[in-house]
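Structural features, examined
One letter stands for each residue in the lines below.
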Amino acid sequence: MSHSTVPRSRAEADMTEKNPVAPGGATGSPEKRPSEKVSLWLRFRRDRVLLLMTLPAVVLVLVFNYLPILGNVVAFQDYDPYISDNGIVSMLNSPFVGVENFQRIFEDSAFWNAVQNTLVLFSLQLVLFFPIPILLALLINSVVRPRVRAVAQAVLYLPHFFSWVLVIAVFQQIFGGAGILSQLLRQHDYNGLNIMTDPNTFPLLITAQSVWKDAGWGIIVFLAALASVSPDLYEAAAMDGAGRWRRMWHVTLPALRPVIALLLVLRVGDALTVGFEQILLQRDAVGPGAAEVLDTFVWWNGVRNQDFGYAAAAGLIKGVISIGLVLAANKVAHLMGEQGVYKK
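Brief notes about the overall build of the protein
Helix and strand content of the protein: 17 helices and zero strands. Here the protein holds 344 residues, and the buried ones make up 28% of them. A fraction of 63% describes how many contacts in the protein between residues 6 or more apart in sequence connect residues 24 or more apart.

Digging into the packing of helix α7 (residues 131-141) against helix α8 (residues 146-157)
One can describe the packing of α7 onto α8 by two numbers: an axis separation of 9 Å at closest approach and a directional angle of 160 degrees. Classified by the angle between their axes, α7 and α8 sit roughly antiparallel to one another. Between α7 and α8, the contacting residues are Leu 136, Ile 140 and Asn 141 on the first element and Arg 149, Gln 153 and Leu 156 on the second. Grouping the amino acids of the contact of α7 with α8 by side-chain chemistry returns three nonpolar, two polar and one charged.

Considering the nonpolar core
Core analysis: the largest hydrophobic core is formed by 21 residues, its most contacted members being Leu 121, Phe 202, Val 274 and Ile 279. For this core, the elements supplying multiple residues, two or more each, are α6 (109-129), α9 (164-175), α11 (202-227), α13 (244-269), α14 (276-286), α15 (288-291) and α17 (308-335). In this structure, Ala 75, Tyr 79, Ile 105 and Phe 111 belong to the second largest nonpolar core, which totals 16 residues.

Concerning the packing of aromatic side chains
Applying the stated rule across the entire model yields 14 aromatic pairs. When the centroid spacing of 5.3 Å and the interplanar angle of 45 degrees are considered together, the rings of Phe 76 and Phe 102 count as tilted. Of this pair, Phe 76 sits in the loop between α3 (48-66) and α4 (87-93) while Phe 102 sits in helix α5 (residues 100-106), and the two are 26 residues apart along the sequence. Judged by relative accessible area, Phe 76 falls into the partly exposed class, the value being 29%. Residue classification places Phe 102 among the buried positions, given a relative accessible area of 12%.

Focus: the pattern of salt bridges
Taken as a whole and judged by the stated rule, the model has five salt bridges. In this structure, Lys 213 engages Asp 214 in a salt bridge whose closest nitrogen and oxygen atoms are separated by 3.7 Å.

Considerations on the environment of Ile 134
Along the chain, Ile 134 falls in helix α7. In this structure the C-alpha to C-alpha distance between Ile 134 and Ala 215, which are 81 residues apart in sequence, comes to 9.1 Å. Ignoring anything within four residues of it in the chain, the contact list for Ile 134 reads Phe 222, Leu 256 and Ile 260.

Some words on the side chain of Thr 207
Structurally, Thr 207 can be placed in helix α11. On the basis of relative accessibility, which here comes to 3%, the residue Thr 207 falls in the buried class. What Thr 207 contacts, discounting residues up to four positions off in sequence, is Leu 124, Gln 125, Leu 128 and Phe 129.

Structural notes on α11
Between its first and last C-alpha, α11 extends 37 Å over 26 residues, near the 38 Å set by a 1.5 Å rise per residue. The sharpest bend along α11 measures roughly 50 degrees and falls at Asp 214.

Topic: the side chain of Ser 94
Its location among the elements puts Ser 94 in the loop between α4 and α5. Within the structure, the side chain of Ser 94 is placed 3.3 Å from the backbone nitrogen of Asp 80, a separation counted as a polar contact. Setting aside residues no more than four positions away along its own chain, Ser 94 makes contact with Gln 77, Asp 78, Tyr 79, Asp 80 and Ile 83.

Cut-offs applied
Residues numbered from 1 in each chain as written. Predicted model: local features only at pLDDT ≥ 70, side-chain atom pairs only at ≥ 80, totals over all residues. Heavy atoms only, no water. Helix = DSSP H or I, 4+ residues; strand = E, 2+ residues; numbered from the N terminus. Buried < 20%, exposed > 50% of the residue type's maximum accessible area, 1.4 Å probe, protein only. Contact = heavy atoms within 4.5 Å. Axes fitted to C-alpha atoms, helices over the stretch in contact; angles between N-to-C directions. Parallel < 35°, antiparallel > 145°, perpendicular 65-115°, else oblique. Nonpolar A, V, L, I, M, F, W, Y, C, P; charged D, E, K, R; others polar. Core = buried A, V, L, I, M, F, W, Y, C linked by side-chain atoms within 4.5 Å. Phe/Tyr/Trp six-rings, centres within 6.5 Å; stacked < 30°, edge-to-face > 60°. Salt bridge = Lys/Arg side-chain N within 4 Å of Asp/Glu carboxyl O. Expected span 1.5 Å × (residues − 1). Bend = angle between axes of the 7 residues up to and from the residue. Polar contact = N/O pair within 3.5 Å; in protein donor to acceptor, adjacent residues only side chain to side chain.

Shown next as structure tokens:
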């Protein structure tokens, strides 16, 4: 039997049908058509339902977030809101003073004191407050019984719904001059403590209040990230001889790293906002020297002293610095191999 008459196998016949022999004996592949570009109108018609669903949220963002940005022109004016009942008319008729408000700010020692207090509080909250939700999430995730885990999560999350007035009242009843701790010390012939009015311990007090109130909120985010980790990774690590701590170091923490990087970038961008209501409620107890931050500085000069242009200039400086911090922190996240707030 000649070579040309040898019957082919079924697999060879199928391969020949899928990849026909081109002229000249070369096996060719089907030609790929270039991807057709979808026009903007066709994409709009295709996604019109989704666009209509997001339209109310876009309108709200434009009205309450972007439209007020136009009011920053007040920072360059000697703004007088009493010129007219219409705020826009007042802005149009208020005299421009150029960068005079910014010059006053940079020469104001109270402004630099507010900047210093803001940075101190941010540093303490970044070092002491930011890691605590991560540690608590790891601790709760290690609990075997689901009921115990649910109760612990609910107890830690409950203070998030308390108002700052209630939180400060609770701390006053414990750490105030007539609080439980001071009464206990006096019963044992010791001097009482009044941590609530001590300027030296005020940054630690603010950080402790933030931890007690908002740590439970951060736990939810990290527990959601831990829930996405495949149990097969833990089983494979255990089969390789990894103990509990090595599994946490090589499996759990790498799974949390993208979330940690994202929240850290957002936290750095929010560095100059360290709790307006919380600090304003306790400002008079410790004095502006220890409790004045940028937000209270803007409020005090704008609302109380009616110096709106000066306060707007301080707020504009804060916003520009916050944008710079977000961009810098996001760049660091990209260098570390993480996505951050947005992709490269």
